[in-house]
Amino acid sequence: MSRSRPGPSPYALALPALALAAIGLATTAPKAMAQDLQIAIPAELTGSGASVGVLWRDGAEMAIDELNAKGGILGHKLTYTVYDTQTNPSVSRAVIQKALDGHPYAVLGPVYSGSVMVDEPLTQKAGITEIMGGVADNLTAAGDPTIFRTTAAQSQVLMPAVIYMKDTLHAKRVAMIWVNDDYGIGGHKAMQADLKKAGLQLVVDDSAEAGQISFAPDILKIRAAHPDAIFVYLHEEENARLMKGLKQQGIKSPIMGGTVTDQQTIKLAGGAAEGALSIGGMDISAPVPAVAAFHKRFLARFHVEPDHNALQAYMAVWMIKAGTEKMGKADAKGLAAALHGMTITPDKQPGILFPMHILANGDIDNGSLLTTVKGGQQVVLKVIPPAQ
Amino acid sequence: MFWLLAQLLVAGLAIGAIYALIAIGFSLLWQGAQTVNFAQGDFVSLPAFAILGFTALGLPLWLAIPAALAVAVLVLGLLFKRVLVQPMLHHGVLQLAIATMALSIFLENVLKDTGGAEAYPFPGLTGGFNLGALFLDWQSLTVLAVTVVTVSALNAFLSRTRTGRAMQATAQNPSVARLLGIDVERMIMLTFVINAVLVTLAAVLISPVYLVKFDNGGQIGLTAFSAAIVGGFNQVRGAVVGGLLLGVVETFAATYGPDQYRTAVPMVLLILFVLFRPHGLLGRREERRV
C-alpha cells in the first residue's frame, strides 16, 4: 500500500492563489471601475441672485450630462451636488464648507463676487479648484492658486466701456449707479478711476442695495443731473427695476453697464432695455456657431433662454476636463496647477466654445463683446479679440 | 430746485399711495378682528403671481385681474379668516400675530416652489407728459388716481352705507354690535374680503415697477406696517396719512441722505413713533396691547 507523501491539499494551495488574485483585483479595481468625480455646484438658487444662479446651475448640469454621455473624463463619470447659497455670503461659506467635507474634485460657483470672496479661503486651504462666475477684480488679486474665472474681470471691460462712452457716445457727464456689494464696490472703484483718467465727470454717484425694489429716488437724482450717459452696475433684477423707472420717467440718456444687455435683464425690463449697451465677457449672442448650438440645446432642455452665466458654467466643466486630461489622471489637488497657463481651444475641447487662455492669476482672456439690445434680443456690435 | 422737490413729492406720494393701500388692510384687520397680519406683504405677492398664472394660461390681463381677485378673496379673505384667524384668535392676539409670521414664511415658500425663485416682469404703463419742468408718468398718476378713488369709495362705504356703519360698530364694540342685531361674523368676514381686494389692487399697481418675486412681500409689508403705526393703527385715515408720509420721507431721505441707510428710514420712524407717540398721528389711544 503506498502512501502518498503528506503535503498541502489543493484547497490549501488555492488559498494563497485566491488571496493574490484578490489583492490583484483590489489594486486593479480603480482602473477598471474608475471612481466618480464629485463636482460641488454652489449657486444662488434663491434670493436676489436667483435669476443668474439657476442658469449657472443649469449650464453646469448640462455640461456634466453631456460629458457623461461621452464617457466622462478619462473614464471617470461626473456626479454633482447642488448647494443653494441663498445669495447670502455667510450661507455661501457654510455650504462650501459642507461641500468640501464631501471631498469634491472641484467646486463650480458661486456667481456673486461677495459670496466668492468669503468662501475662497476655504477652497484655497483645501487645495480644491474653484471655478466661479464672479467678476470683481479683487477675487484673483490675492494670489489664491486655486481660484479661476469663467469670464472677463472688471478691469478688463470697464476701461473699454469708458472709452466707448467718451468716443462714441460723446459723453462728458456720466451718472453711475452701482450695487453695494463686492461686485458693485469693485466696479465703482475701478470706474471712478477710469472716468477720471478719461477726463469724464461723474455727476451722479449713487449706490443701491442688492434686492432693492424702489428706485424712484435714484431715478430722480439722475433726471435732475441731465447726464450724457448713465452707467448701470447692478445685478439683473435691479437693472430691470431701474431701467423700467428710467423709461417711465422719460429719461433718454444712453444706458451702458455691466449686465444691462443680459438675457435676464432683457426678460425682466422688456422694452425698457432697448438700446442699452454693454462691454462684457463672451456671451450667448457671440457670433460663434458652437454658441448658437449650445443656445439651442439649452433652450430645448430647460425651456428658458440661457445667458452668459449658463454659458460660463457650461465651459467651466470643460475646463475641468481639459485640466484633468493634461494631468493624465484625476488628481483634485493637481488640477489648479494644471489649469494655470493653459490655452484651451474648441478643436481639442468642443465644450470650450471659443478659445480661452488661462492667466497665471486665474483670470481668463477669451475676448469680450460690445453688445446692445435690439428687438428684445442681445445683439453683438463688436467682437473684441483676446489680448493673447 | 422747486421742480426737483415737486418731482420728489410726486414720486414719494406714488410709492406712499401703495403703502397706504396695504396699510389700510393692516388697520381694517386690526379694528375688525384684532389681527396684526405680518403676512400682509406676502398677501400682495399672491395675487400678482395669480395674475401671471392666469395670463400664462391664456387669459387676457383684463380677465386675469378679476380672476386673481376671486382667488385672493377666496384664499386671503375667506380661507385666511376661517383656517388661521378664527382658531388662533381664541389663544390671544400675540399668538395670532406669530401665526401670521409663520403664514408669511409658508406663503413665500409656496410661491417659490410653484413660481420659482426668479423675478417675473409684469405689464404696466410707460411714458407720461411734462408739466413745466415736472415730468408726470402715467404709472405714478394711475397709482395715485386708483388710490384716491379706492380710499374715497372705502370711506363712503364705511360711513354712508348700512353695512359700512355696521362694520364700524363691530370694530368699535362687537358685543354691543351683536346686541344691536348686527351679524358680527359677517362683518368680520367682510373686513377680510376688503383686505383681499386692497392687496390685489396693490399687486396690480406695484408689480409693473417692482417686478413679481416670491420674497418681495417682506420689505413691502414691513414698510406698510410702519406706515400703519405712524399714521395710527386703529384709523383707516391714519393708515392713508402714514403711507403717504412714509413714501415721501423715504424718497427725500434716499435722495438727500446716505444711500446705505435708506431702508432704515421706515424703521427709524417706527421706533420714534412707538417711543413718543404710540397711537400714531391720527390714531386713538387704546388699552389693548399686541
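All of the points below concern the structure found in this document. Each chain has its residues counted from 1, running along the sequence as written. A letter from A marks each chain and a number from 1 marks each ligand, given out in the order of writing. Selection of residues for local features in this predicted model requires a pLDDT of at least 70, selection of side-chain atom pairs for listing and counting requires 80 or more, and totals for whole chains, interfaces and linings are taken over all residues. To obtain the side-chain values, all non-hydrogen atoms of the structure were included, while hydrogens and water were left out.

### With respect to helix α3 (residues 89–101) of chain A
All names here are of chain A.
1) Next: Look at α3: 18 Å from first C-alpha to last across 13 residues, which is about the 18 Å you get at 1.5 Å a residue.
2) Next: Note on contacts: a residue pair is in contact if any heavy atoms of the two residues lie within 4.5 Å. Numbering of helices and strands starts at the N terminus; helices are DSSP runs of H or I of at least 4 residues and strands are runs of E of at least 2. Next to the buried residues of α3 lie β1 (37–43), β2 (78–84), β3 (106–108) and α4 (113–126).
3) Next: In the segment just after α3, H103 is the residue with positive phi, at about 50 degrees. The span one expects for a helix is its residue count, reduced by one, times 1.5 Å.

### Describing the pattern of salt bridges
1) Next: Salt bridges, as used here, are contacts in which a Lys or Arg side-chain nitrogen is within 4 Å of a carboxyl oxygen on Asp or Glu. For the coordinates displayed, the defined rule picks out eleven salt bridges over all chains.
2) Next: Residue K197 of chain A pairs with D194 of chain A through a salt bridge whose shortest N-O separation is 3.9 Å. In this pair, K197 of chain A and D194 of chain A are both assigned in helix α6 (residues 182–198), three residues apart and thus about one turn of the helix distant.
3) Next: Between E185 of chain B and K81 of chain B there is a salt bridge whose closest N-O contact spans 2.8 Å. Of this pair, E185 of chain B sits in helix α8 (residues 184–210) while K81 of chain B sits in helix α3 (residues 61–89), and the two are 104 residues apart along the sequence.
4) Next: By relative accessible area, E185 of chain B is classed as partly exposed at 38%.
5) Next: Residues joined in a network through salt bridges with shared partners are E237 and R241 of chain A together with K213 of chain B. Only protein chains enter the calculation, and the probe is 1.4 Å; a residue is then buried if its accessible area is under 20% of its type maximum, exposed if over 50%, and partly exposed in between.

### A short note on unusual backbone geometry
1) Next: That bond from G109 of chain A to P110 of chain A is cis: its omega, -10 degrees, falls within 30 degrees of zero.
2) Next: Along the polypeptide, P110 of chain A turns up in the loop between β3 and α4.
3) Next: A positive phi angle is found at L74 of chain A, which is not glycine, with a value near 50 degrees.
4) Next: Structurally, L74 of chain A can be placed in the loop between α2 (50–69) and β2.
5) Next: On the basis of relative accessible area, L74 of chain A is assigned to the partly exposed category, the value being 39%.
6) Next: For L211 of chain B, which is not glycine, the phi dihedral falls at a positive 70 degrees.
7) Next: Here L211 of chain B is to be found in the loop between α8 and α9 (216–231).

### Quick look at the sheet that holds strand β13 (residues 364–365) of chain A
Residue and element names in this part refer to chain A.
1) Next: Overall, antiparallel pairing links the three strands, which are arranged β11-β12-β13 in an open sheet. A single partner strand is all that each edge strand has here, and the edge strands are β11 (343–344) and β13.
2) Next: As defined by bridge partners, β11 adjoins strand β12 (residues 356–358) across two bridges and the pair is classed as antiparallel. Residue pairing across strands places I344 opposite M356, the latter belonging to β12. At least two bridges found by DSSP between two strands is the condition for calling them paired.

Interpretation in functional terms is not warranted from these geometric data alone.
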